[in-house]
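What the coordinates show
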Amino acid sequence: MKKIFLFALALITGSFIFDGCGTTKSKSSAATVSNTKSIALFNGQNLDGWYKFVKGRGRGIDPKNVFSVEKGLIHISGEEYGCITSNEEYSNYKLTVEFKWGPKTYAPRVDRARDGGILLHSIGADGGYSGTWMYSIECQIIEGGTGDFLVVGDGSKKFSLTSNVAPKQQGKGNVYLASGQPLTINGGRIDWFARDPEWKDVLGFRGKNDVEKPVGQWNKVECVVIGDKVSAYLNGVLVNEAYHVSPTKGKIQIQSEGAEMFVRKVEIVPLTVN
């Protein structure tokens, strides 16, 4: 009975439903998606399965240990821009990343909102975007804006997404609204649904409706990828959703972008479309 209800709700809303029984459905495909066994992409001991890329240095060159493993956690110092990148490519999955901010920040963002991100569907050359990251679709991690979607692409239709957004307010960004009008972007961002309209790029920013927990507390980001659709959950709350996402597969990157961050879990559950 529960699965029938979820299927009906998906047809009405046109959104993804991800329940504790591991069933996800969408209006466009009406396909059932079943979970397989979860895979730990971080083993708690080292960065096996990942490689480092630091801006201005290159692949595997990290003399300042921007990326390290300490006491069972991935420590991202933030001192230099770059990322860890998965060796493998992925499509159709649920990705879980648990993170918390550390106290340290670095120029040019020493006094700005703590910033990072998870880059999905990463393809092309290392450092292809701004000499730092592969072209990708970003689930943003930033104080006040965790769950924003960004297109980290070359400006072409090869890298794009569509999301339903609220009516645009002058001087404000595009904000996700499930019942809103579709907007396709080849660059820029779609803000999560309750991003504070008075957001400022200042250290320690907190919005009045933030789902992200305060600095020093653990947060859980979940990205559910089914075909060309991506849904972002923050601490169990659906905060953003996109469809007609291009590309639909690729590597995963976790950024260093001027702020100290700790990660205790990176886990992926492959989703099999029946």
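Here the structure is a predicted model, which is why all the values come from computation and not from measurement.

The rules behind these values
- Residues numbered from 1 in each chain as written.
- Predicted model: local features only at pLDDT ≥ 70, side-chain atom pairs only at ≥ 80, totals over all residues.
- Heavy atoms only, no water.
- pLDDT = per-residue confidence, 0-100.
- Contact = heavy atoms within 4.5 Å.
- Pairing = 2+ DSSP bridges.
- Helix = DSSP H or I, 4+ residues; strand = E, 2+ residues; numbered from the N terminus.
- Buried < 20%, exposed > 50% of the residue type's maximum accessible area, 1.4 Å probe, protein only.
- Polar contact = N/O pair within 3.5 Å; in protein donor to acceptor, adjacent residues only side chain to side chain.

Digging into the confidence of the model for the protein
- Confidence in the prediction of the protein, expressed as mean pLDDT, is 90, and 88% of residues score 70 or more.
- Note on residues 1-30: pLDDT under 50 across the span, and 51 contacts to partners over four residues away in sequence or across chains.

With respect to the sheet that holds strand 6 (residues 58-59)
- In spatial order, the strands read 6-5-9-20-11-12-13-16; together these eight strands make up an open sheet with antiparallel pairing. Edge positions in the sheet fall to strand 6 and strand 16 (188-190), since each has one partner strand and no second.
- Relative to strand 13 (residues 149-152), strand 12 (residues 135-142) runs antiparallel, the two sharing four bridges. Residue E138 lies in a different strand from strand 13, and its bridge partner there is L150.

Some remarks on the side chain of R195
- Residue position: R195 is located in the loop between strand 16 and strand 17 (219-226).
- We classify R195 as buried; its relative accessible area is 12%.
- One polar contact links R195 to D148, side chain to side chain, over a distance of 2.7 Å.
- R195 has contacts with I142, G144, G145, D148 and R189, leaving out every residue within four places of it along the chain.

Some remarks on the pairing of strand 9 (residues 82-86)
- Of all five residues making up strand 9, five are buried, and the element is well covered by its neighbours.
- Both faces of strand 9 are covered, namely the face carrying G82, I84 and S86 and the face carrying C83 and T85.
- The pairing of strand 5 (residues 50-54) with strand 9 spans five bridges and is classified as antiparallel. Of the residues in strand 9, the one forming a bridge with V54 is G82.
- For strand 9 and strand 20 (residues 251-256), the ladder comprises four bridges, and the chain directions are antiparallel. If you follow I84 over to strand 20, its bridge partner there is I254.

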